[in-house]
Amino acid sequence: MRADGWLPEWARGLPWLPILVLLAVGVCALAGETIMPFDPNELDLGAAFVPPPWQEGGKTAYLLGADNLGRDILSRIMAGSRVSVIVAFYAILFSGSIGALIGMVAGYFGGPVDAVLMRLIEIQQSVPSIALALILAAALEPGLWTVVVVIVLTYWAWYARIIRGEIMALKGRDYIAFARVAGVSTPVIFLRHLLPNIFNTLVVLATLQVGQVILFEASLSFLGLGIQQPDISWGLMLSDARQYITNAWWAITMPGLAIMLTCLSANVFGDWLRDRLDPQLRQL
Amino acid sequence: MWRFLTRRAWQGAISILGASIIIFLISRLSGDPILILLPNDASQSLIEETRRTYGLDRPLWVQYGIWAQKALAGDFGRSYRWEMPALRLILERLPATIELAVFGLLFSVAIAVPVGVLSAVHRGGWIDRVGRVFAMLGQAMPTFWVGLLLILVFAIHLNWLPAFGHGTPAHVVLPAIALGWYPVAAQTRIVRSAMLDVLDSDHVRLSRALGTPERLIVWKYALRNAAVPLLTMLGVYFAAMLGGAFVVETIFAWPGVGRTVVEAVFSRDFPVVQAGVLFTSILFVLSNLLVDLSYGLVDPRIRDAR
């Protein structure tokens, strides 16, 4: 007997564990303050370096332990989820739309337009993304929006390349030719006839990007080029915890586990969605 | 073959040119470079004069031309912090970065090849399944966290290996593992699927029919063919290592280009940042070029394609 036999038919076979993790992250991001056990920025030096409860000296109030200033790590992880969700949302929205538009234009018009845009993509991919981030961070103020800009600049080419390929295949279809002969304007062809056909691909690409965006933000914040104090981000928590790595293993482990679980869930869910919606993207 | 080679070389050159334009433009985003050169209370006439001496009153593309011309001659300006030419600093630090990337690559291949081969031979067996779980985990762990966990376990708790520094063979172990960790998953997948293809081919079946020992078939005849896709991809992974080196070098205090550039960002040492990023991009383009060339060598269809 299947374990999910009690579920309604549409809900069977869904990757429930990843969905639950992602939902939990989403709830923390939206309603963080109301469900956190502590104020994530509240200092309590009496609680400094309190280990998690299963270790000697631990307190049940601090489920995942406390950091060097006595701040509750669980509360800080919950607060940090907000940055991950905001960065992932805007970065994916912008890189997806810009990349899709450029890919559509390159694929549809072909010729010199395509050649120029493809060169641009190649140039973009010749600068390692972390190096691009470094030079941008040196030029701009580091912060949430710099992170978003860096990710958009890094990922638009990825979308553009794949969407261009799809559009080139679609362009030859009869219904597009008919629409053009019937005098349908180019923007309408893009919106009504091309966009619906690449929509599944876009959704799959966006889901597969979630994990990568979260890793990228964490790495930038860890290097000090991303989110700045007093804002809270998982990467920044790890960067702090590095200073007292010999005193508190939990401060190094827990935020990393949050990153890993979230990315793992996003990747598993993305793979599932890809197999469902767009099996041709298997190569990714 | 020569036509293929020159065409790819031209494309590489255009990419590097484009990268240098991006680097130049982004550096100018930070504001007027004059304000870094002069004290805050400099008079208006001094500002105007300095601007003229450095060519900063000219149009942007002329300024880029001046910058690019100097860069081609190896002059990126002096590092404010290290008080030496930026290029010399980067070149001094480059061997350490390449050393780290090579060892990282060795580590990932040393894991990926046996795991990939065994996963293919015992398809669906425990190695295959464990390998897949590890691949999923590996893709979800940030490189810097892997590095921190390695320090926590092997340097602090077990005290087996040094946590930072450079010099002895022991120093390279943890950074190389941290750097090589991420690509293991993808490499294992490449080896596994190539092995599955080869093991299913006629020449393997013939060897089996002739009674060749299975171990010899798998580890010698099949692997030799299955290694080609991985070998051609090594350039891509080497390039990826250069990106990862920025983070890993920072964690392990490795004296390479990555850490130097990260530090330069914080001290607003622009010549060093520009030289470092441009150099990484050039290495990046060169490794990708090597990949294309090795494809062309292995597969004549690619080199003859338009």
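Calculation rules
Residues numbered from 1 in each chain as written. Chains lettered and ligands numbered in written order. Predicted model: local features only at pLDDT ≥ 70, side-chain atom pairs only at ≥ 80, totals over all residues. Helix = DSSP H or I, 4+ residues; strand = E, 2+ residues; numbered from the N terminus. Buried ≥ 20, exposed ≤ 12 C-beta atoms within 10 Å, placed from the backbone. Contact = placed C-beta atoms within 7 Å. Rg over C-alpha atoms; globule rule 2.2 N^0.38 Å. Nonpolar A, V, L, I, M, F, W, Y, C, P; charged D, E, K, R; others polar. pLDDT = per-residue confidence, 0-100. Expected span 1.5 Å × (residues − 1). Bend = angle between axes of the 7 residues up to and from the residue. Axes fitted to C-alpha atoms, helices over the stretch in contact; angles between N-to-C directions. Parallel < 35°, antiparallel > 145°, perpendicular 65-115°, else oblique.

Once that is clear, we can look at the overall build of chain A. Within chain A, the regular secondary structure consists of 9 helices and 0 strands. Listed by position from the N terminus, the elements making up chain A come as α-α-α-α-α-α-α-α-α. Within chain A, buried positions represent 44% of all 284 residues. Put simply, 71% of the contacts in chain A that link residues at least 6 apart link residues at least 24 apart.

What follows is about the overall build of chain B. A tally of regular secondary structure across chain B gives 13 helices and 0 strands. Secondary structure elements of chain B, listed N to C terminal, follow the sequence α-α-α-α-α-α-α-α-α-α-α-α-α. Computed over its C-alpha atoms, the radius of gyration of chain B comes to 24 Å, more than 25% above the 19 Å expected for a compact globule of 306 residues. In terms of its C-alpha atoms, chain B occupies a principal-axis envelope of roughly 90 × 55 × 30 Å. The burial tally for chain B puts 38% of its 306 residues in the buried class. Look at the contacts in chain B between residues 6 or more apart in sequence, and 70% of them connect residues 24 or more apart.

Now for the interface of chain A and chain B. Residue-level contacts link 35 residues of chain A with 40 residues of chain B. Of all the elements in the fold, those that place two or more residues in the side of chain A that touches chain B are helix H3 (111-124), helix H4 (129-139), helix H7 (186-223) and helix H9 (249-277) of chain A. The dominant element in the side of chain A that touches chain B, judged by the number of residues it contributes, is H4 of chain A, at 9 residues. Considered class by class, the residues forming the side of chain A that touches chain B number 25 nonpolar, 7 polar and 3 charged.

With that out of the way, let us pick up the confidence of the model for chain A. In this model, chain A carries a mean pLDDT of 83, and residues with pLDDT of at least 70 account for 96%. Confidence, read as mean pLDDT per element, is least for H4 of chain A in chain A (78) and greatest for helix H2 (residues 73-109) of chain A (90).

The terminal C-alpha atoms of helix H7 (residues 143-157) of chain B lie 20 Å apart, and with 15 residues this matches the ideal 21 Å at 1.5 Å per residue to within 8%. Its maximal kink placed at Ile151 of chain B, H7 of chain B deviates by approximately 25 degrees. Among the residues making up H7 of chain B, those that are buried are Thr143, Phe144, Trp145, Val146, Gly147, Leu148, Leu150 and Ile151 of chain B. Elements in contact with the buried residues of H7 of chain B: H7, helix H8 (234-241) and H9 of chain A together with helix H8 (169-199) and helix H10 (214-251) of chain B.

Turning our attention to the environment of Glu166 of chain A. Residues and elements named next belong to chain A. The topology assignment puts Glu166 in helix H5 (residues 144-171). On the basis of neighbour count, Glu166 is assigned to the buried category, with 22 C-beta atoms found within 10 Å. Along the chain, Glu166 and Gly107 lie 59 residues apart, while their C-alpha atoms are 7.9 Å from each other. Setting aside residues no more than four positions away along its own chain, Glu166 makes contact with Ile198 and Thr201.

The subject of this paragraph is H8 of chain B. Here H8 of chain B contains 31 residues, and its C-alpha end-to-end distance of 38 Å is more than 12% below the 45 Å for a straight helix at 1.5 Å per residue. Taken across its 31 residues, H8 of chain B has 22 buried, putting it largely inside the fold.

What follows is about the packing of H10 of chain B against helix H11 (residues 257-266) of chain B. All names here are of chain B. Running from N to C, H10 and H11 point in directions that differ by 85 degrees, and their axes come no closer than 7 Å. Overall, the two elements H10 and H11 adopt an arrangement that is roughly perpendicular. Counted together, Ala245, Phe246, Glu249 and Thr250 of H10 and Gly258, Arg259, Val261 and Val262 of H11 form the full contact between these two elements. For the contact of H10 with H11, the class distribution of residues is 4 nonpolar, 2 polar and 2 charged.

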